[in-house]
Amino acid sequence: MDDHGLEEFRRRWQEELAQAQALRKRRKPRRPEVAVGRGEQASGYLALAQGLLEGAGRPPAAQATQAERREAASRSRSPPAREGAGGGEQLVDQLIRDLNEMDDVPFFDVQLPYELAVNIFQYLDRKDLGRCAQVSKMWKVIAEDEVLWYRLCQQEGHLPESSISDYSCWKLIFQECQAREHMLRTNWKNRKGAVSELEHIPEAVLCDVHSHDGVVIAGYTSGDVRVWDTRTWDYVAPFLESEFEEDEPGMQPYVSFVRINSSLAVAAYEDGFLHIWDLRTGTCPVHRFEHDARIQALALSREGATVATASAFDVVMLSPSEEGYWQIAAEFEVQKLVDYLEIVPDTGRYPVAIATAGDLVYLLKAEDSARTLHYVYGQPVTCLDVSANHVAFGVKSLGWVYEGNKILVYSLEAERCLSKLGNALGDFTCVNLRDSPPNLMVSGNMDRRHPVRHISFNSHSLITANVPYERVVRNSDLDNFTTHRRHRGLIHAYEFAVDQLAFQSPLPICRSSCDTVAGSNYDLALAFPHNSI
């Protein structure tokens, strides 16, 4: 290389270095930038050029073709054998490798602020972030930024109530949440987990069961109301006190219905009385309401404090005033005796309810008369559940043309049928729509003695209740497991977050066969899609 070429080489790299230094002086102190351009590497290239002038240069390599530069870069990976002229040759090869990186990865040819690089990386998923972390050290720092992995956790639904300052390594938290979800899916499919039978009351028959967020409430023929919290695995259930006279043991009326949400518990009795407990204040009822006739159906809002009861041909909605006094919020009159009643969630100021009476389904809106949502003669409704936008109910097929028992899904906004699901021989005795994922639902079926009356579940647990039709107390001398299973009802809690096989408690709900004719058949139908008929 002649003197003119060496001077031109030095002048170009000195200009690059001067521009980079001037740019850094103008910037204020801030977070480290993505050093990917000529400004950061100019000083290194100037050192290479100066070393080239001092050592024995190799002019042909300075103007080599792209293929020749790649070949020289591959040769330079071996350790240097000697100093002097070999050192200058190694410096030139290092320069060629850096230039090749700049040609192959265009992002390395610019200088981006750290915040801008993070904004670009936020559009990548976890797989792409993992690939980017293998590109270079700087890209690894960006790809593992806490903001990126916190957003991924929020998008996947992990720890939705947490803030970014709650944990120091969100990438590790994301990996743990993904592993936990995979274990849950595997346990659900393989029927692995812990099973617990909630303790029953001796010499009493289970009348009704309800649950909310892992808290279970049950009513018995003895008039007792018990509450379990399955989230803590502490199954010592307290009794909710009633206002009946204690000097008349055994004379308390049966519990007809029970309901519970995050703050209230409600129980309806055979004599028409309604008791409401505030779970935050204690076990004594805060309100007592009396009907003139037997209460035929009971409903409690999922959130809030709205209670609906059906007695005779009237449906009454109760709610507390601002002063805390319970009062009638709405009242409706229907043509038949109500069998099932549910309150539609998230309706704002005016409550909305769904009631079934025989083969009729009513839509009840406050400040409006009852409207018929569904009616097919000779097909009585056997169960009911609602969500914010849909209502699902089971119908029983009777008559000469038997079409099988089905579940109908209606749109509350359009007030029309969307889907007809299932084709079971037994009646559908319960359906869970509000807890189910989008376009899915879970339903329970019946057998000769012991229908599934309640199902509640989330990602890691399942609660089922089998309530007998007959409310007759059998001989206490036969109070064993078999007698209780057949005649007094059972409540099971399944925990799938526990990674163990449950052969000792063989999951009667999940392991039974739907084809069983004789005996107690626990028929649980899982995952009915809305868009299938």
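Our structure is the block above this text.
What you are looking at is a predicted structure, and each value in this text was computed from that prediction instead of being measured. (Residues numbered from 1 in each chain as written. Predicted model: local features only at pLDDT ≥ 70, side-chain atom pairs only at ≥ 80, totals over all residues. Heavy atoms only, no water.)

### Remarks on the environment of Glu 415
Counting through the fold element by element, Glu 415 comes out in the loop between β19 (405-411) and β20 (416-424). Here Glu 415 falls in the partly exposed class, since its relative accessible area comes to 30%. C-alpha separation for the pair Glu 415 and Leu 373, spaced 42 residues apart in sequence, amounts to 6.4 Å. In this structure Glu 415 touches Leu 363, Lys 365, Arg 371, Leu 373 and Tyr 410, once residues within four positions along its chain are discounted. Among the polar contacts listed, one links the side chain of Glu 415 to the side chain of Arg 371, at a separation of 2.3 Å. (Helix = DSSP H or I, 4+ residues; strand = E, 2+ residues; numbered from the N terminus. Buried < 20%, exposed > 50% of the residue type's maximum accessible area, 1.4 Å probe, protein only. Contact = heavy atoms within 4.5 Å. Polar contact = N/O pair within 3.5 Å; in protein donor to acceptor, adjacent residues only side chain to side chain.)

### Side note on the packing of aromatic side chains
For the structure shown, the criterion picks out six aromatic pairs. Among the aromatic residues, those joined into a cluster by ring pairs are Tyr 150, Tyr 167 and Trp 170. (Phe/Tyr/Trp six-rings, centres within 6.5 Å; stacked < 30°, edge-to-face > 60°.)

### Digging into the layout of surface pockets
Approximately 1100 Å³ is the volume attributed to the largest pocket. Elements supplying a minimum of two residues to the lining of the largest pocket: β2 (206-212), β5 (255-260), β9 (295-300), β13 (340-343), β17 (381-386), β21 (428-432), β23 (452-457) and β24 (461-466). Counting residues per element, the lining of the largest pocket draws most heavily on β2, at six residues. Each residue belonging to the lining of the largest pocket can be placed in one class, and the counts come to 20 nonpolar, 15 polar and twelve charged. (1 Å grid on protein atoms, 1.4 Å probe; cavity = no way out; pocket = protein on both sides within 12 Å on 5 of 7 lines; lining within 4 Å. Points joined across faces, edges and corners; volume = space filled by probe spheres on them. Nonpolar A, V, L, I, M, F, W, Y, C, P; charged D, E, K, R; others polar.)

### Regarding the pairing of β19
Among the seven residues in β19, seven count as buried, and that is most of the element. Side chains Asn 405, Ile 407, Val 409 and Ser 411 project from β19 onto one buried face, and the interleaved Lys 406, Leu 408 and Tyr 410 project onto a second face that is buried too. Inspection of the sheet shows β19 paired to β20 by six bridges, in the antiparallel sense. Its bridge partner being in β20, Val 409 is matched across the sheet by Ser 419. Following β19, the chain reverses through four residues before pairing antiparallel with β20; Glu 415 in that reversal takes a positive phi of roughly 55°. (Pairing = 2+ DSSP bridges.)

### Let's talk about the environment of Pro 253
Within the secondary structure layout, Pro 253 lies in the loop between β4 (225-229) and β5. Along the backbone, Pro 253 and Asp 224 are 29 residues apart, and their C-alpha atoms lie at a distance of 9.4 Å.

### Some points on the sheet that holds β9
Pairing is antiparallel in the open sheet, where four strands are placed in the order β9-β10-β11-β12. Each edge of the open sheet is held by one strand with a lone partner, namely β9 and β12 (326-333). The sheet shows a mean angle of 20° between the axes of neighbouring strands, direction not considered. Looking at chain direction, strand β10 (residues 307-311) and strand β11 (residues 314-320) are connected through five bridges and run antiparallel. In the sheet register, Ala 308 faces β11, and the bridge partner there is Met 317. (Axes fitted to C-alpha atoms, helices over the stretch in contact; angles between N-to-C directions.)

### Quick notes on the sheet that holds β17
Read from one edge to the other, the open sheet built from four strands follows the order β17-β18-β19-β20, with strand pairing classed as antiparallel. Only two strands of the sheet have a single neighbouring strand rather than two, namely β17 and β20. Taken pair by pair, the neighbouring strands of this sheet meet at an average axis angle of 20°, ignoring direction. Where β17 lies against strand β18 (residues 390-395), five bridges are found, and the strand directions are antiparallel. Bridge pairing links Val 381 to Val 395 in β18.

### Remarks on the side chain of Ser 387
Relative to the helices and strands, Ser 387 is located in the loop between β17 and β18. Among residues more than four places away in sequence, those in contact with Ser 387 are Val 344, Pro 345, Leu 412, Leu 433 and Arg 434.

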